[in-house]
Amino acid sequence: MSTLSDPPRESFKPSMLLNDTRYRGYTFQFIAIVLVAALFAYLGLNLQRNLAAAGLTISFDFLGEPANYDINQTLIEYNNQMDHWRASLVGVLNTLLVSFLACITATIIGVVAGVLRLSNNWLVRKLMSAYVEAFRNVPVLIWIIIIFTIMTAVLPAPRAFRGEDATASMIFGSVAFTNRGVYIPKPIFGPGGWTVMLVFLAGVIGAFAYRRYATKLLYATGKLLPMGWPALLIAFVPAILVFYLLGQPISLEYPELGGFNFTGGINILGSLIALWFALAIYTGAFIAENVRAGILSVSKGQTEAAASLGLRPRRIMNLVVLPQALRVIVPPLISHYLNITKNSSLAIAVGYMDLTGTLGGITLNQTGRAIECILLLMAFYLAISLSISAIMNVYNNAVSLKER
């Protein structure tokens, strides 16, 4: 009786790197890496030779020199006697602040507009279509300038709030909208204040956990638990109880009119608001189209099956349609977040001091270190892009594991 055995393996030969499909892909990738490395090496040597011919060197010592300029909006302590490194850090935080606010606001606007674009109400549907077409087809710089102009030209000056015959008044006696920005109360944390904030954060996490549990219970057993008021109780009641038990450790400092301007509280500059809302409404129009496409990608039979079980339209959208549409919505959504971060560099048009205005603007002009400043700017935006891409990969892997 004859037996079958595997044919003997062919010994490796250098020609297999091109002729064998098992190795050919690796060969071309290695060649591409070598060529790219050689290109960067050539550019680096060329830069070094040109700098040497001009008597220049690449040095980042200028970051330790005094900045000698003020920044109108800061999240950390800063004065003009601090170094350029501190000024650049302030610019980084300002960039991250406006990008974060714009991403959150654009997502909310985009989801709402995308859902309403599919509304059965003709007027609502057309209004959302007009919003998408109007804001998507006009450059974001134009919207930044429009909103900033409205804030500086339409809103009253601080002197309008003075006197018995004042032509303007504060909202709820604590918020003032002026042509110099918006003034809101500033929280003052006493002993135990951060404990209250930690309890509130834990309550918010608990509220999300409860909603997740209620959703799983609905899918598993069909039992519908209320989600609105229990989540609110979990989020706020423990923090309120701790707040009063600790003797109200958090107070508010209200803005007051003194001299020619308001004092106290928090001043949100008009430039920040203009940049924030312009980026949000501009990018929200693109997100709305992604949301609409994601919803339409879900089979209509899913909606009909959910309706046949007695679910209301709002719950069908929240529990059936949107979860399935996320796999279509999320990938381009990450790209829009990247665009928001990069478009925040337009802040210089309205005087908001982000990283481009500090490191890429005043610091570059004062020190003349153009190459170093541009390299640092590129490194920052590249790091942001890689971070968001990593988050995207984590999400995709989580979705793939869940589907398995």
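Quick summary incoming for the structure in this document. Please read all numbers here as calculations on a predicted model, not as lab measurements.

Criteria and thresholds
Residues numbered from 1 in each chain as written. Predicted model: local features only at pLDDT ≥ 70, side-chain atom pairs only at ≥ 80, totals over all residues. Heavy atoms only, no water. Helix = DSSP H or I, 4+ residues; strand = E, 2+ residues; numbered from the N terminus. Rg over C-alpha atoms; globule rule 2.2 N^0.38 Å. Contact = heavy atoms within 4.5 Å. Lys, Arg positive; Asp, Glu negative; His and termini not counted. Charge placed at Lys NZ, Arg CZ, Asp CG, Glu CD. Salt bridge = Lys/Arg side-chain N within 4 Å of Asp/Glu carboxyl O. Buried < 20%, exposed > 50% of the residue type's maximum accessible area, 1.4 Å probe, protein only. Expected span 1.5 Å × (residues − 1). Patch = residues over 30% accessible without salt bridge, like charges linked within 9 Å, V, L, I, M, F, W, Y side chains within 5 Å. Areas by Shrake-Rupley, 256 points an atom, 1.4 Å probe, with all protein chains shown as cover. Phe/Tyr/Trp six-rings, centres within 6.5 Å; stacked < 30°, edge-to-face > 60°. Core = buried A, V, L, I, M, F, W, Y, C linked by side-chain atoms within 4.5 Å. Pairing = 2+ DSSP bridges. Axes fitted to C-alpha atoms, helices over the stretch in contact; angles between N-to-C directions. Left-handed = near helix turned anticlockwise from the far one by under 90°. Nonpolar A, V, L, I, M, F, W, Y, C, P; charged D, E, K, R; others polar. Polar contact = N/O pair within 3.5 Å; in protein donor to acceptor, adjacent residues only side chain to side chain.

Focus on the overall build of the protein
Then comes step 1: Helices and strands together make up the secondary structure of the protein, namely 12 helices and 7 strands.
Then comes step 2: Against the globule reference of 22 Å for 404 residues, the protein gives a C-alpha radius of gyration of 28 Å, more extended than a compact globule.
Then comes step 3: Taking the principal axes of the C-alpha coordinates as reference, the protein spans close to 110 × 80 × 50 Å.
Then comes step 4: Sequence separation of 24 or more characterises 65% of the internal contacts of the protein that already satisfy a separation of 6 or more.
Then comes step 5: Looking at the protein, you have 28 positive and 18 negative side-chain charges, and the mean spots of the two groups are 15 Å apart.

Some thoughts on the pattern of salt bridges
One side chain can pair with another of opposite charge once the charged atoms of both are near each other.
Then comes step 1: Applying the stated rule across the entire model yields 5 salt bridges.
Then comes step 2: Notably, a salt bridge pairs R136 with E133, separated by 3.3 Å at the nearest N-O pair. In this pair, R136 and E133 both sit in helix α4 (residues 122–136), 3 residues apart, roughly one turn of the helix.
Then comes step 3: The exposure class assigned to R136 is partly exposed, which follows from its relative accessible area of 25%.
Then comes step 4: Note that E289 and R136 form a salt bridge whose closest N and O atoms lie 3.8 Å from each other. Taken together, the residues E289 in helix α8 (residues 270–297) and R136 in helix α4 connect sequence positions 153 residues apart.

Details of helix α2 (residues 21–53)
Then comes step 1: An ideal rise of 1.5 Å per residue puts 48 Å on 33 residues; α2 measures up with 48 Å between its terminal C-alpha atoms.
Then comes step 2: After α2 finishes, the residue G55 shows a positive phi value of roughly 75°.

Digging into a nonpolar patch on the surface
Then comes step 1: The grouping of L18, F28, F30, I31, V34 and L35 at the surface amounts to a nonpolar patch, some 610 Å² of accessible area in total.
Then comes step 2: Sort the elements by how many residues they give to the nonpolar patch and α2 lands first, with 5 residues.
Then comes step 3: In this structure V34 comes out as partly exposed when scored by relative accessible area, which is 40%.

Concerning unusual backbone geometry
Then comes step 1: Of note in the backbone geometry, N68 takes a positive phi value of approximately 60° without being a glycine.
Then comes step 2: With respect to the helices and strands, the residue N68 is situated in the loop between α2 and α3 (84–116).
Then comes step 3: Judged by relative accessible area, N68 falls into the partly exposed class, the value being 48%.
Then comes step 4: In this structure, Q248 takes a positive phi of about 55° despite not being glycine.
Then comes step 5: Within the element layout of this structure, Q248 appears in the loop between α7 (228–245) and β4 (250–253).
Then comes step 6: Accessibility expressed as a relative area gives 47% for Q248, which makes it partly exposed.

A few points about the packing of aromatic side chains
Then comes step 1: Counted by the stated rule, this structure contains 10 aromatic pairs.
Then comes step 2: Between F189 and W194, the aromatic rings sit 4.5 Å apart at their centres with planes inclined by 5°, giving stacked as the arrangement.
Then comes step 3: According to the relative accessible area criterion, F189 is partly exposed, its value standing at 30%.
Then comes step 4: Ring geometry for Y282 versus F286: centroids 5.2 Å apart, planes at 65°, classification edge-to-face. A residue pair is termed a helical-turn pair when its members lie 3 or 4 positions apart in one helix, as Y282 and F286 do in helix α8 at 4 residues.
Then comes step 5: An aromatic cluster is built from Y131, F135 and W143, whose rings are joined through pairwise contacts.

Here we look at the nonpolar core
Then comes step 1: Y131 and L275 are the most contacted members of the largest nonpolar core, which has 65 residues in total.
Then comes step 2: Within the residue set of this core, elements represented by two or more residues are α3, α4, α5 (140–153), α8, α10 (313–343), α11 (355–367) and α12 (370–403).
Then comes step 3: With 15 residues, the top contributor of residues to this core is α8.
Then comes step 4: Apart from the residues within four sequence positions on either side, Y131 is in contact with I109, A113, I281, G284 and A285.

Topic: the sheet that holds strand β1 (residues 176–178)
Then comes step 1: With antiparallel pairing, the 3 strands of this open sheet are ordered in space as β1-β2-β7. Each edge of the open sheet is held by one strand with a lone partner, namely β1 and β7 (266–268). Ignoring which end each strand starts from, the neighbouring axes of this sheet average 20° apart.
Then comes step 2: Where β1 lies against strand β2 (residues 181–184), 3 bridges are found, and the strand directions are antiparallel. Each bridged residue has a counterpart across the sheet, and for T178 the counterpart in β2 is G181.

Some details on the packing of α8 against α10
Then comes step 1: Two elements in contact, α8 and α10, have axes whose closest approach is 8 Å; the angle formed by their N-to-C orientations is 145°. In this structure, α8 crosses over α10, and the sense of that crossing is right-handed. Counted together, L279, Y282, T283, F286, I287, N290, V291, G294, I295 and S297 of α8 and M317, V321, L322, A325, V328, I329, P332, L333, H336, I340 and N343 of α10 form the full contact between these two elements.
Then comes step 2: Taken together, the residues of the contact of α8 with α10 break down into 15 nonpolar, 6 polar and no charged.

Here's the deal with the side chain of S129
Then comes step 1: Counting through the fold element by element, S129 comes out in helix α4.
Then comes step 2: What makes S129 buried here is its relative accessible area of 16%.
Then comes step 3: One polar contact links the side chain of S129 to the main-chain carbonyl oxygen of R125, over a distance of 2.9 Å.

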